[in-house]
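# A look at the structure
Spelled out, the chains give:
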Amino acid sequence: MSNKMSVSTVINEGGREGVSRSLDGDFEVKTSGTNKKGYTNPEELFAAGFSACFNGAIQFPLDRDGLGDRDRSIRAEVTLYGDLPDDHTTLHLEVTIIGKIDGVSKEDTVKYLQETDSICPYSKAVNGNIDVKYEAAE
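This text gives an overview of the structure that appears in the document. What you are looking at is a predicted structure, and each value in this text was computed from that prediction instead of being measured.

## Structural notes on the overall build of the chain
The secondary structure content of the chain amounts to four helices and six strands. Of the regular secondary structure in the chain, the N- to C-terminal order runs β-β-β-α-α-β-β-α-α-β. Each of the three principal axes of the chain carries a C-alpha extent, and together these read 45 × 35 × 35 Å. Counting only residues that meet the buried cut, the chain has 30% of its 138 residues in that class. Sequence-distant contacts in the chain: of pairs separated by 6 or more residues, those separated by 24 or more amount to 48%. In the structure as shown, the chain presents an accessible area of about 9,200 Å², 49% of it carried by carbon and sulfur atoms. Between the averaged position of the 15 positive side-chain charges in the chain and that of its 24 negative side-chain charges there is a distance of 3 Å.

The structure is reproduced here in structure tokens:
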């Protein structure tokens, strides 16, 4: 059995046009389905969590190969698809993970990204539910 490492709880009021906040009050964000200044959307929040988790998880294969000290960045692009208001059943997400690891070729970067797919909890959670693509940054 695995050890519980953390529990994070956020409450949303108002849906896409609302506010999400942590129970302790350290995190609060206004959400909107439109591009309002000072607001975000659920897809952007998902991209932030996915990219942070993935960037932490890629540390394991990089450490194994003696590359753990390399500067790196992970960009998550989350796209929402759907046909509203007529057919809410078409709503779905697609994610593109774009990585850059200093001093590592694009081909090897993609290999590390693909390997990290089996390590990152976000990747495991979306496996079979969301199409995820992996690319090396230019």
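## Quick notes on the pattern of salt bridges
Applying the stated rule across the entire model yields eleven salt bridges. Residue glutamate 115 pairs with arginine 64 through a salt bridge whose shortest N-O separation is 2.5 Å. Here the residue glutamate 115 occupies a position in helix α3 (residues 106-116), and arginine 64 occupies one in helix α2 (residues 59-64), the gap between them amounting to 51 residues. Of the charged contacts, one joins glutamate 94 and lysine 133 as a salt bridge, the two residues approaching to 3.4 Å between their closest N and O atoms.

## Let's talk about the environment of isoleucine 58
By the secondary structure assignment, isoleucine 58 is in the loop between α1 (42-57) and α2. Among the residues examined, isoleucine 58 registers a relative accessible area of 0% and is labelled buried. Through-space distance from the C-alpha of isoleucine 58 to that of isoleucine 74 is 9.5 Å; in sequence the pair is 16 residues apart. If we skip the residues at most four places from it in the chain, isoleucine 58 touches Arg72, Ile101, Tyr112, Leu113 and Thr116.

Basis of the calculations
Residues numbered from 1 in each chain as written. Predicted model: local features only at pLDDT ≥ 70, side-chain atom pairs only at ≥ 80, totals over all residues. Heavy atoms only, no water. Helix = DSSP H or I, 4+ residues; strand = E, 2+ residues; numbered from the N terminus. Buried < 20%, exposed > 50% of the residue type's maximum accessible area, 1.4 Å probe, protein only. Contact = heavy atoms within 4.5 Å. Areas by Shrake-Rupley, 256 points an atom, 1.4 Å probe, with all protein chains shown as cover. Lys, Arg positive; Asp, Glu negative; His and termini not counted. Charge placed at Lys NZ, Arg CZ, Asp CG, Glu CD. Salt bridge = Lys/Arg side-chain N within 4 Å of Asp/Glu carboxyl O.

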